[in-house]
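Fold and contact review
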Amino acid sequence: GAGVSQSPSNKVTEKGKDVELRCDPISGHTALYWYRQRLGQGLEFLIYFQGNSAPDKSGLPSDRFSAERTGESVSTLTIQRTQQEDSAVYLCASSLAGAAYEQYFGPGTRLTVT
Amino acid sequence: ELKVEQNPLFLSMQEGKNYTIYCNYSTTSDRLYWYRQDPGKSLESLFVLLSNGAVKQEGRLMASLDTKARLSTLHITAAVHDLSATYFCAVQGGSEKLVFGKGTKLTVNP
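Before going into details, it helps to say that this report is about the structure given with it. (Residues numbered from 1 in each chain as written. Chains lettered and ligands numbered in written order. Predicted model: local features only at pLDDT ≥ 70, side-chain atom pairs only at ≥ 80, totals over all residues. Heavy atoms only, no water.)

**Some thoughts on the nonpolar core**
Core analysis: the biggest nonpolar cluster contains 26 residues, and Val 4, Leu 32, Trp 34, Leu 74, Ile 76, Tyr 87 and Leu 106 of chain B have the highest contact counts within it. If you list the elements that add at least two residues to this core, you get strand S2 (10-14), strand S3 (19-25), strand S4 (31-37), strand S5 (43-49), strand S7 (61-66), strand S8 (71-76), strand S9 (85-92) and strand S11 (104-109) of chain B. With four residues, S9 of chain B is the single largest residue contributor to this core. What Leu 74 of chain B contacts, discounting residues up to four positions off in sequence, is Tyr 19, Thr 20, Ile 21, Trp 34, Phe 47, Leu 61, Met 62, Ala 63 and Tyr 87 of chain B. If you look at the next biggest cluster of nonpolar residues, it comprises 19 residues, including Cys 23, Ile 47, Leu 60 and Leu 77 of chain A. (Core = buried A, V, L, I, M, F, W, Y, C linked by side-chain atoms within 4.5 Å. Buried < 20%, exposed > 50% of the residue type's maximum accessible area, 1.4 Å probe, protein only. Helix = DSSP H or I, 4+ residues; strand = E, 2+ residues; numbered from the N terminus. Contact = heavy atoms within 4.5 Å.)

Have a look at this one:
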């Protein structure tokens, strides 16, 4: 079946602009995660959704970052007033029902802030 | 706070040789994952290790977990060029999120 998909695959934006990144999880997966990967680094957790609620937002780096999810479907990560340090690959993952189940990762969105 | 350390961060090895990547973590873990990432690609799951003494093997890769030592190893046997990639361990410890190591960039030379 279809895996996790993300769009766009690449995004170049000017400093100060807002961007929206989209994630389509695997159908039937109730848990959804956003991670950030800076160049040459491991992944940093940003936020976790169970259904359309976000019980753990502890990884969001500032109030410029927000995310929402429609039901058990699409999620959008929004970065307002982008800064150069926001440049990274943003990866989305989904799992069947949370911690007891493996996370499956999407291909990522490469964000470049100029 | 859960911390995960991998070493080495860079590994250059010759085809046919054996080597081990180490992953140490700081607090009790529910499960530990090993992932492979090729340049410009997403993460491919290799192994999930759930319990102390767990050992899993796939081809030339073998992963093990020692929960008492808070240590996992990824052993590479008779390396081939196709194994060149970055390998991450990730630990899930009492919460939903995965905490990742910084990765080991493996280069296998002919």
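**Digging into unusual backbone geometry**
What you tend to see is this: most non-glycine residues have negative phi, and most peptide bonds are trans. In the segment running from Ser 7 of chain A into Pro 8 of chain A, the intervening peptide bond is cis, with an omega of -10 degrees. Structurally, the position occupied by Pro 8 of chain A is in the loop between strand S1 (5-7) and strand S2 (10-13). Note that the residue after Asn 7 of chain B, namely Pro 8 of chain B, is joined by a cis bond; omega there is 0 degrees. Among the structural elements, Pro 8 of chain B can be located in the loop between strand S1 (4-7) and S2. The phi torsion at Arg 70 of chain B lies on the positive side, around 55 degrees, for a residue other than glycine. When you line up the elements, Arg 70 of chain B lands in the loop between S7 and S8. Its identity is not glycine, yet Ala 78 of chain B carries a phi of approximately 50 degrees, on the positive side.

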